[in-house]
Number of protein chains: 2
Amino acid sequence: MAHFDQPLRLRSGAELPAFDIAYETYGTLNAARSNAVLVCHALNASHHVAGFYEADAANIGWWDNLVGPGKPLDTRRFFVVGSNYLGSCFGSTGPASINPATGRPWGADFPVVTVEDWVEAQARLADRLGIERFAAVIGGSLGAMQALQWTLSYPARIRHSIVVAAAARLTPQNIAFNEVARQAIMTDPDFHGGHYYDKGVVPTRGLRIARMLGHITYLSGEAMAEKFGRLLRRGAPGFDFDIDFEIESYLRYQGDKFATYFDANTYLRTALARDRARAARQPAHRLLSRDRRARRARRLPARGRALPRRPAQLLPQHRAVRPDLAAIVQWVAPGARVLDLGCGDGSLLRSLWHERQAPGYGVEIDDDSVIACVSNDVNVLQVDLESGLSLFSDHSFDCVILSQTLQAVHHTEGVLREMLRVGREAIVSFPNFGHWSARLQVALGRMPVSDALPYEWYETPNVHQCTVADFEDLCRRLGFRIRERLVLHHGKPVRLLPNLLGSLAVYRCTTQ
Amino acid sequence: MAHFDQPLRLRSGAELPAFDIAYETYGTLNAARSNAVLVCHALNASHHVAGFYEADAANIGWWDNLVGPGKPLDTRRFFVVGSNYLGSCFGSTGPASINPATGRPWGADFPVVTVEDWVEAQARLADRLGIERFAAVIGGSLGAMQALQWTLSYPARIRHSIVVAAAARLTPQNIAFNEVARQAIMTDPDFHGGHYYDKGVVPTRGLRIARMLGHITYLSGEAMAEKFGRLLRRGAPGFDFDIDFEIESYLRYQGDKFATYFDANTYLRTALARDRARAARQPAHRLLSRDRRARRARRLPARGRALPRRPAQLLPQHRAVRPDLAAIVQWVAPGARVLDLGCGDGSLLRSLWHERQAPGYGVEIDDDSVIACVSNDVNVLQVDLESGLSLFSDHSFDCVILSQTLQAVHHTEGVLREMLRVGREAIVSFPNFGHWSARLQVALGRMPVSDALPYEWYETPNVHQCTVADFEDLCRRLGFRIRERLVLHHGKPVRLLPNLLGSLAVYRCTTQ
């Protein structure tokens, strides 16, 4: 527990005269103070990230499988800090703490805190621990919102931000669920307007409903169907209000459990903080510019040199398989801010950083690929590229890349337009359906299958295939200007009859 | 209001010694008693379907735009019956009614009723009104569950069932939402275990939460985002628990309104009835066989002759545009039960009924097409054909049709397999990518655009195109036996080099 005597000015304008932040640490801070990793927790977890206490061996930290000697966050190498947040009910100053002005619990008078406030308090904790810059901030869900906010509030104090299971902002549907949960708590007669601590009651009914609701939103409809189906607890549905379906049993259990240990005032404030968080349309831009700004301001070594452990052998090997990537790397200007749509395991972004010092973000929907990006040390946002670009403001990037993904896109026009809205230029590569081998197979009455088009017609993810000529027509229609074109076959440029002899096309486009 | 003195045995085994059903009628029952339409209502509506009362001109029936002279349910032609359901709080016998055994309101002692029970009581109402067979039963949402149940309980007493915005059964996620709503009501201290009527209180807090939750589920996340966005009520988000977002205001308003007029015990029982309803894997089969059974049992005229008003001119015109349909109609055996996937406006099903007396169901996802089906007098289920066939049990149909839709299917193998699980045979038609004009265009380096393939590559819904040869390969792979094949061009059969000269292929397949 760290106690801070300096008052903390909150976003709301209110001021906390003093506050505590609960935390735990694992591993040792090195002499250079460069190996600290901040772990931010989700709603029902706490700063108890790993291991257990002698007195309570069953209470194992919530990320014990990730944090420890030899584990992904290796505590022989990293100094891991698990931090609670301001307003929590797990030890930091919060609604159940004593209000120094009254000598009684704050209750409803505890100020509304925001994600910015949480990060502000954690920055004080970092100061206290002597950490000028974290090697990484990592968090899932609510913790991810903190990890994102660190990139906005203190871009120069973190090297990486690892954002797991997060949105830059809540959707109206998320807000709606939060509102129903808040109303369930606030209309519980035991809530007493938030001043229930000295009344000997707790609004457990409202908390229970809130948690049941939360657990509905943690699973998609499909996942819930897969996990619970319409399984019955009794042989047949009964004609009363007892539990019939497994899903009912699960929700009641989760609700009951949560209501025994969580605090209603903390719940309300946390839900509100989530609603208000608006990291969107900002962080990518700010995060990408932070390295340069940080270097300029503080004469820190460039990020490329600070990370000598990248396995360089990945690059040539990869490039043999995907010859378009070499061209793309050459076309990206040194230091350009890059967005790679459908980035896979992040190889291209690594090459771009390595060879062009171009910082970038990947957009990827596939779980395994997102995890691969994280292990490859690549910034990645898990969103659907067909709808997710609305996150970014105009011209957030110097270059937006869609490499060998165009043919799998459904809203082709929309995605291409979005690329040249959020980026100053677009680089697009795709397999050329005009290659003679495809033409020959079609001429013989079959859908083509080749190295460049390796799928059978009935299982191909390539839903919108095109030829070089088709793509150029579409560019004209969209008012795009083709700045460069490279058509390849077996990795070699094809200059003669490219639409016939090239199997892979790469374009660099801008708006007029 | 109709009062029934004969006891009603419920599905639960309980018996209601007597009961009332509230209803309204519009129009006149004809001499043949063949023009009655039963309208079943959704949760927050009632039997007051159309018009208004002199004393309460503002209270206009909930389907007034559909029911009335000259309206779709034309009361100059139809005798429309709006029926309330048993256990409702809008006039029929329900939890707030007096329990004759105690002389006090039933409250929690009112038995749990099911959708079957509702239909049973409505059948008594039909008897009372002298209606042996309804021309149609129609309902949306909760009303649709009743319309579906009619097809199970009394297939011979309805000519059509029009099912709007319905599922054959609730998903686990639906059940989960219902459970949270029920728990919100049952844990409201004013609920008093369901015996609140004579305590002068109503569990409005729980009802309010239940309704707020309901309103989240009535809109998809996308629709909610479109309707409300993150619009703020105040200039900037405040630092308190007042309303900030429009969606919060909307939910509180809906919740408050509902809690003033709805009854908590009715809510609980209605939600339970919805959870328990299991029309799935059954109704299509039973509905489709009902005409023949009904005819056999009661010597009723066949359905085709009973409906002379079908506009026959639709068919030839349609067939000119879609020459595959003529072949399909010829291949379907007279009286066969048919499922048409991606049925559009239902034209094919009309032809099949008209010419082959083959009763059928359409599956269609598009709203406008579903509405067109309803006006075309075609049974339609609004589900996604790529996942929705799990509704049907094995061999529910004699024939499952996928006409000119294969090329727009993503899970090609899965859909084809499902077709021959739920049907004894499958009829598939698709545009032939092997036609010489497509081959020629590809040979010239362009994606083909033609009469049969009318879309540009970047906007085509055809994601999995194939040639005649490709399709036959896949059939071999899947173990399908091709029983008949017809390849057409400009509506004429192509016998020579069909993969080259045919633009449209039609197949009839069975499992080995």
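Quick summary incoming for the structure in this document.

**Describing the overall build of chain A**
Part 1: In terms of regular secondary structure, chain A is built from 17 helices and 21 strands.
Part 2: The dimensions of chain A, computed from C-alpha atoms along their principal axes, are 85 × 70 × 45 Å.
Part 3: Residue burial in chain A is summarised as follows: out of 512 residues, 56% are buried.
Part 4: For chain A, contacts bridging at least 24 residues in sequence account for 65% of all contacts bridging at least 6.
Part 5: Taken as a whole, chain A presents about 20900 Å² of accessible surface, with 52% of it coming from carbon and sulfur.
Part 6: The distance from the centre of the 59 positive side-chain charges to the centre of the 52 negative ones in chain A is 8 Å.

**Brief notes about the sheet that holds strand β6 (residues 36-40) of chain A**
Residues and elements named next belong to chain A.
Part 1: Taken in spatial order, the five strands line up as β5-β9-β6-β12-β13 in an open sheet, and their pairing is mixed. Sheet topology places β5 (23-26) and β13 (161-164) at the edges, where each strand pairs with a single neighbour. Recorded for the sheet is a direction-independent mean angle of 15 degrees between the axes of neighbouring strands.
Part 2: Of the strand pairs in this sheet, strand β12 (residues 136-140) and β13 are connected by four bridges, and their pairing is parallel.

**Observations regarding the pairing of strand β18 (residues 423-431) of chain B**
Strand residues, when the strand is regular, have side chains that alternate between the two faces of the sheet.
All names here are of chain B.
Part 1: Buried residues dominate β18, accounting for eight of its nine residues.
Part 2: Judged from the six bridges that link them, strand β17 (residues 397-403) and β18 form a sheet pairing that is parallel. Within the sheet, the bridge partner assigned to V400 lies in β18 and is A426.
Part 3: Relative to strand β21 (residues 504-511), β18 runs antiparallel, the two sharing six bridges. Along β21, the bridge assignment pairs A426 with C509.

**Quick look at empty space enclosed by the protein**
Empty space among the atoms can be located by rolling a probe the size of a water molecule over them.
Part 1: Throughout the structure, instances matching the rule amount to 11 cavities of 30 Å³ or more.
Part 2: Together, 26 residues line the largest cavity, and F433, M447 and Q465 of chain A together with M447 and Q465 of chain B are the ones closest to its centre.
Part 3: Residue composition of the lining of the largest cavity, by class: 16 nonpolar, eight polar and two charged.
Part 4: Roughly 130 Å³ of volume is contained in the second largest cavity.
Part 5: The wall of the second largest cavity is formed by 14 residues, among which A184, T187 and D188 of chain A together with A184 and T187 of chain B lie closest to the centre.
Part 6: At the level of elements, α4 (204-218) of chain A together with α4 (204-218) of chain B are the ones that each hand at least two residues to the lining of the second largest cavity.

**As for the interface of chain B and chain A**
Part 1: Across the boundary between the two partners, chain B contributes 79 residues, which contact 79 residues of chain A.
Part 2: When chain B packs against chain A, the two sides together hide about 7100 Å² of surface, and 66% of this comes from carbon and sulfur.
Part 3: In terms of surface lost to chain A, no three residues of chain B exceed R230, F241 and W457 of chain B, which account for 13% of the buried area on that side.
Part 4: Counting across the chain B and chain A interface gives eight salt bridges.
Part 5: Of the charged contacts, one joins D473 of chain B and R446 of chain A as a salt bridge, the two residues approaching to 2.3 Å between their closest N and O atoms.
Part 6: Our enumeration of links across chain B and chain A arrives at 26 residue pairs in polar contact (both at pLDDT 80 or more).
Part 7: Residue assignment for the side of chain B that touches chain A shows that the elements contributing at least two residues are α3 (172-186), α4, α5 (221-228), α6 (246-261), α7 (264-276), α14 (412-422), α15 (436-443) and α16 (468-478) of chain B.
Part 8: The leading source of residues in the side of chain B that touches chain A is α3 of chain B, at 11 residues.

**Here we look at the sheet that holds β18 of chain B**
Residue and element names in this part refer to chain B.
Part 1: Taking strand neighbours across the sheet as the criterion, the eight strands line up as β16-β15-β14-β17-β18-β21-β19-β20 in an open arrangement whose pairing is mixed. Each edge of the open sheet is held by one strand with a lone partner, namely β16 (379-381) and β20 (492-493).
Part 2: Relative to β21, strand β19 (residues 480-489) runs antiparallel, the two being bridged by eight bridges. Bridge assignment links R485 to a residue of β21, and that residue is Y507.
Part 3: Most of the contacts of helix α11 (residues 324-331) go to β21, to which it runs at about 25 degrees, and overall it touches β17, β18, β19 and β21.

**Regarding the pattern of salt bridges**
Part 1: The final tally for this structure, using the stated rule, is 50 salt bridges over all chains.
Part 2: Linking D127 of chain B and R157 of chain B is a salt bridge whose minimum nitrogen-to-oxygen distance equals 2.9 Å. Of this pair, D127 of chain B sits in helix α1 (residues 115-129) while R157 of chain B sits in the loop between α2 (142-153) and β13 (161-164), and the two are 30 residues apart along the sequence.
Part 3: A relative accessible area of 48% places D127 of chain B in the partly exposed class.
Part 4: The closest approach of N and O atoms between R485 of chain B and E472 of chain B, which form a salt bridge, is 2.7 Å. Separated by 13 residues along the polypeptide, R485 of chain B in strand β19 and E472 of chain B in helix α16 bring together distant segments of the chain.
Part 5: Connected through salt bridges with shared partners, the residues E179, R182 and D275 of chain A together with E248 and R252 of chain B form a single ionic network.

**A closer look at the packing of helix α3 (residues 172-186) of chain A against helix α7 (residues 264-276) of chain A**
Residue and element names in this part refer to chain A.
Part 1: In the contact formed by α3 and α7, the axes pass within 10 Å of each other and the chain directions differ by 160 degrees. Judged by the inter-axis angle, α3 sits roughly antiparallel to α7. As for how α3 packs across α7, the hand of that crossing is left-handed. Two secondary-structure elements touch here, α3 through I175, N178, A181, R182, I185 and M186 and α7 through A264, Y267, L268, A271, L272, R274 and D275.
Part 2: When grouped by side-chain class, the residues that make up the contact of α3 with α7 number nine nonpolar, one polar and three charged.

**Describing helix α14 (residues 412-422) of chain A**
Part 1: Of all 11 residues in α14 of chain A, eight are buried, a share of seventy percent or more.
Part 2: In the core, the buried residues of α14 of chain A are packed alongside β14 (338-341), β17 (397-403), β18 (423-431), α16 (468-478), β19 (480-489) and β21 (504-511) of chain A.

**A closer look at the layout of surface pockets**
Residues and elements named next belong to chain A.
Part 1: Looking at the second largest pocket, its volume works out to about 930 Å³.
Part 2: Forming the walls of the second largest pocket are 42 residues, and the residues nearest its centre are Q404, Q407, P431, A452 and P454.
Part 3: When residues of the lining of the second largest pocket are traced back to their parent elements, those giving at least two are α10 (314-321), α15 (436-443) and β19.

**Points about the relation of the copies chain B and chain A**
Part 1: In screw terms, the move from chain B to chain A is a rotation of 180 degrees and a rise of 0.0 Å along the axis, fitting with an RMSD of 0.2 Å. Taken together, these values place the two copies in the relation of a two-fold axis. Proximity to the rotation axis, assessed at the C-alpha, singles out V463 of chain B in chain B; its C-alpha lies 2.2 Å from the axis.
Part 2: When you check the interface residues of chain B against chain A, 100% turn up at the interface there too, and the contact is symmetric in its surfaces.

**Here's the deal with unusual backbone geometry**
Part 1: Within the chain, L497 of chain A stands out as a residue other than glycine whose phi angle is a positive 45 degrees.
Part 2: With respect to the element layout, L497 of chain A can be found in the loop between β20 (492-493) and α17 (498-501).
Part 3: Note on L497 of chain A: relative accessible area 49%, which makes it partly exposed.
Part 4: One non-glycine residue, S141 of chain B, lies in the positive phi region at around 60 degrees.
Part 5: Checked against the element boundaries, S141 of chain B lands in the loop between β12 (136-140) and α2.
Part 6: Its relative accessible area of 37% is what places S141 of chain B among the partly exposed residues.

**Things to note about the side chain of Q122 of chain B**
Residue and element names in this part refer to chain B.
Part 1: Relative to the helices and strands, Q122 is located in helix α1.
Part 2: Accessibility expressed as a relative area gives 1% for Q122, which makes it buried.
Part 3: In this view, Q122 contacts L38, C40, S83, N84, Q146 and W150; residues no more than four positions away in its chain are not counted.

**Quick look at the packing of helix α5 (residues 221-228) of chain A against α3 of chain B**
In a packed pair of helices, the relevant descriptors are the angle between the two axes and the axis-to-axis distance.
Part 1: Put simply, α5 of chain A and α3 of chain B touch, their axes get as near as 8 Å, and they point 95 degrees apart. The pairing of α5 of chain A with α3 of chain B is recorded here as roughly perpendicular in orientation. Only P172, Q173 and A176 of chain B of α3 of chain B make contact with α5 of chain A, whose side of the interface consists of G221, M224 and A225 of chain A.
Part 2: Grouping the amino acids of the contact of α5 of chain A with α3 of chain B by side-chain chemistry returns four nonpolar, two polar and no charged.

**Side note on the environment of D74 of chain A**
All names here are of chain A.
Part 1: Mapped onto the elements, D74 comes out in strand β8 (residues 73-74).
Part 2: Overall, the relative accessible area of 15% leaves D74 in the buried class.
Part 3: Spatially, the C-alpha atoms of D74 and Y26 are 9.5 Å apart, while their sequence positions differ by 48 residues.
Part 4: Excluding anything up to four places from it in sequence, D74 contacts G68 and P69.

Conventions and cut-offs
Residues numbered from 1 in each chain as written. Chains lettered and ligands numbered in written order. Predicted model: local features only at pLDDT ≥ 70, side-chain atom pairs only at ≥ 80, totals over all residues. Heavy atoms only, no water. Helix = DSSP H or I, 4+ residues; strand = E, 2+ residues; numbered from the N terminus. Buried < 20%, exposed > 50% of the residue type's maximum accessible area, 1.4 Å probe, protein only. Contact = heavy atoms within 4.5 Å. Areas by Shrake-Rupley, 256 points an atom, 1.4 Å probe, with all protein chains shown as cover. Lys, Arg positive; Asp, Glu negative; His and termini not counted. Charge placed at Lys NZ, Arg CZ, Asp CG, Glu CD. Pairing = 2+ DSSP bridges. Axes fitted to C-alpha atoms, helices over the stretch in contact; angles between N-to-C directions. 1 Å grid on protein atoms, 1.4 Å probe; cavity = no way out; pocket = protein on both sides within 12 Å on 5 of 7 lines; lining within 4 Å. Points joined across faces, edges and corners; volume = space filled by probe spheres on them. Nonpolar A, V, L, I, M, F, W, Y, C, P; charged D, E, K, R; others polar. Buried area = accessible area lost by both parts, 1.4 Å probe. Salt bridge = Lys/Arg side-chain N within 4 Å of Asp/Glu carboxyl O. Polar contact = N/O pair within 3.5 Å; in protein donor to acceptor, adjacent residues only side chain to side chain. Parallel < 35°, antiparallel > 145°, perpendicular 65-115°, else oblique. Left-handed = near helix turned anticlockwise from the far one by under 90°. Least-squares fit on C-alpha atoms with pLDDT ≥ 70 in both.

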